Amino acid sequence: FKQVKTIDDLNREVAAAKAAGKPVMLDFYADWCTYCKTMEKEIFPAAPVVAALEDFVLLQADITRQDDDDIALSKHLDMPAPPALYFWNKNGEEMRSHRIVGNVTAEQLASRARSVHP
């Protein structure tokens, strides 16, 4: 995962992914989010998830500190609380209907990723 901190960071990375013809997944993470740690250890490394995300640009916003940039990015994307996964297609369009907020299984994440980038 490449770290993003600000709205500008996110916009730059989505634009670069669009130029490369790649979809994007953004993971909102926080140290105080216990399920975020489970996702890192169990969900993201699962074989179906690795395969489904192989063409994606993987971004992560660590909002542990809840500083001004964290709050601005969360509000910009209307993110209620981590864990949250947001997706953009290869054309740089956010797939709002594909957002995942809260717990997810490896199979659910792999399926969602395949629906963003078949």
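Thresholds, definitions, all that
- All residue numbers refer to positions counted from 1 along the written sequence of the respective chain.
- Totals for whole chains, interfaces and linings use every residue, but because this is a predicted model, local features are given only for residues with pLDDT of at least 70 and side-chain atom pairs only at 80 or more, for both listing and counting.
- Computation of side-chain values covers all heavy atoms of the structure but excludes hydrogens and water.
- Each helix is a run of DSSP H or I of at least 4 residues and each strand a run of E of at least 2, with the numbering of both proceeding from the N terminus.
- Only heavy atoms enter the contact rule, under which two residues are in contact if any of them lie within 4.5 Å.
- By this rule the span expected of a helix is its residue count minus one, scaled by 1.5 Å.
- Using a 1.4 Å probe on the protein chains alone, a residue whose accessible area is under 20% of its type maximum counts as buried, one over 50% counts as exposed, and one in between counts as partly exposed.
- The arc in question is the one spanned by the directions pointing from the helix axis to the C-beta atoms.
- Between 30 and 60 degrees the pair is tilted, below 30 it is stacked and above 60 it is edge-to-face, where a pair is any two Phe, Tyr or Trp rings, Trp via its six-membered ring, whose centres lie within 6.5 Å.

1. A word on the environment of Ala113
The residue Ala113 is located in helix 5 (residues 106-116) in this model. In sequence terms Ala113 and Pro83 are 30 residues apart; their C-alpha atoms lie 16 Å from each other. Excluding its chain neighbours within four sequence positions, the residues that come into contact with Ala113 are Ala52, Leu53, Phe56 and Phe87.

2. As for helix 1 (residues 7-19)
Because the α-helix completes a turn every 3.6 residues, residues three or four places apart line up on one side. Between the first and last C-alpha of helix 1 there are 18 Å, a value that for 13 residues agrees with the 18 Å anticipated at 1.5 Å per step. Of the positions making up helix 1, those classed as buried are Asp9, Leu10, Glu13, Val14 and Ala17. Viewed along the axis of helix 1, the buried residues span an arc of 125°, placing them on a single side of the element. Set apart from the buried face of helix 1 by more than 90 degrees, the exposed residues are Asp8 and Ala19. Next to the buried residues of helix 1 lie strand 1 (2-3), strand 2 (24-29), strand 3 (57-62), helix 4 (68-76) and strand 4 (84-88).

3. Notes on the packing of aromatic side chains
Inspection of the entire model under this criterion finds three aromatic pairs. Look at Phe1 and Phe44: their rings are 5.0 Å apart centre to centre, the planes differ by 55°, and that puts the pair in the tilted class. Of this pair, Phe1 sits in the segment before strand 1 while Phe44 sits in the loop between helix 2 (34-43) and helix 3 (47-52), and the two are 43 residues apart along the sequence. For Phe44, a relative accessible area of 11% gives the class buried. On the numbers, 6.3 Å between centres and 80° between planes, the contact of Phe56 with Phe87 is edge-to-face. Of this pair, Phe56 sits in the loop between helix 3 and strand 3 while Phe87 is found in strand 4, placing the two residues 31 residues apart along the sequence. Residues Phe56 and Phe87 agree in their burial class; the two are buried.

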